[in-house]
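Here's the letter readout for the chains.
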Amino acid sequence: MAARRYLAALSNNVNQLARHANATDEFPEAARVMLTRVRAIADRINAMLDARVR
């Protein structure tokens, strides 16, 4: 559950990036890198949780 809370906090940051990108029509490369990492973390969390359920 702690991992999901961490992911939720990261999602908040992603939403802030999206708002910035929509307002300024720019999306920094560092944000792209961070999103790739967030997706990887989300995939790992989901895989771990799926494995525990089965």
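Refer to the structure above for everything that follows.
Residues numbered from 1 in each chain as written. Predicted model: local features only at pLDDT ≥ 70, side-chain atom pairs only at ≥ 80, totals over all residues. Heavy atoms only, no water.

Caption draft 1: View of the packing of helix H1 (residues 2–24) against helix H2 (residues 29–53). The geometry of H1 relative to H2 is characterised by a closest axis approach of 11 Å and an angle of 155° between their N-to-C directions. In terms of orientation, H1 lies roughly antiparallel with respect to H2. Handedness of the crossing formed by H1 with H2: left-handed. Each of Ala3, Arg4, Tyr6, Leu7, Leu10, Val14 and Leu17 in H1 lies in contact with H2, whose residues at this interface are Ala31, Met34, Leu35, Val38, Ile41, Ala42, Ile45, Asn46 and Leu49. (Axes fitted to C-alpha atoms, helices over the stretch in contact; angles between N-to-C directions. Helix = DSSP H or I, 4+ residues; strand = E, 2+ residues; numbered from the N terminus. Parallel < 35°, antiparallel > 145°, perpendicular 65-115°, else oblique. Left-handed = near helix turned anticlockwise from the far one by under 90°. Contact = heavy atoms within 4.5 Å.)

Caption draft 2: View of unusual backbone geometry. Residues other than glycine seldom take positive phi values, yet aspartate 25 does so here, at roughly 60°. The residue aspartate 25 is located in the loop between H1 and H2 in this model. Classification of aspartate 25 as exposed rests on a relative accessible area of 74%. (Buried < 20%, exposed > 50% of the residue type's maximum accessible area, 1.4 Å probe, protein only.)

Caption draft 3: Structural detail: the pattern of salt bridges. Taken as a whole and assessed by the stated rule, the structure comprises one salt bridge. A salt bridge links glutamate 29 to arginine 32; its shortest N-O distance comes to 3.8 Å. Here arginine 32 and glutamate 29 lie together in helix H2, a separation of three residues that amounts to about one turn. A residue is classified by how much of its surface remains accessible, and arginine 32, at 43% relative accessible area, is partly exposed. (Salt bridge = Lys/Arg side-chain N within 4 Å of Asp/Glu carboxyl O.)

Caption draft 4: View of H1. Spanning 23 residues, H1 covers 33 Å between terminal C-alpha atoms, matching the ideal 33 Å at 1.5 Å per step. Within the sequence span of H1, burial applies to Leu7, Leu10 and Ala21. Considering only its buried residues, H1 is in contact with H2. One or two residues past the end of H1 sits aspartate 25, with phi positive at roughly 60°. (Expected span 1.5 Å × (residues − 1).)

On their own, these measurements won't tell you what the molecule is for.
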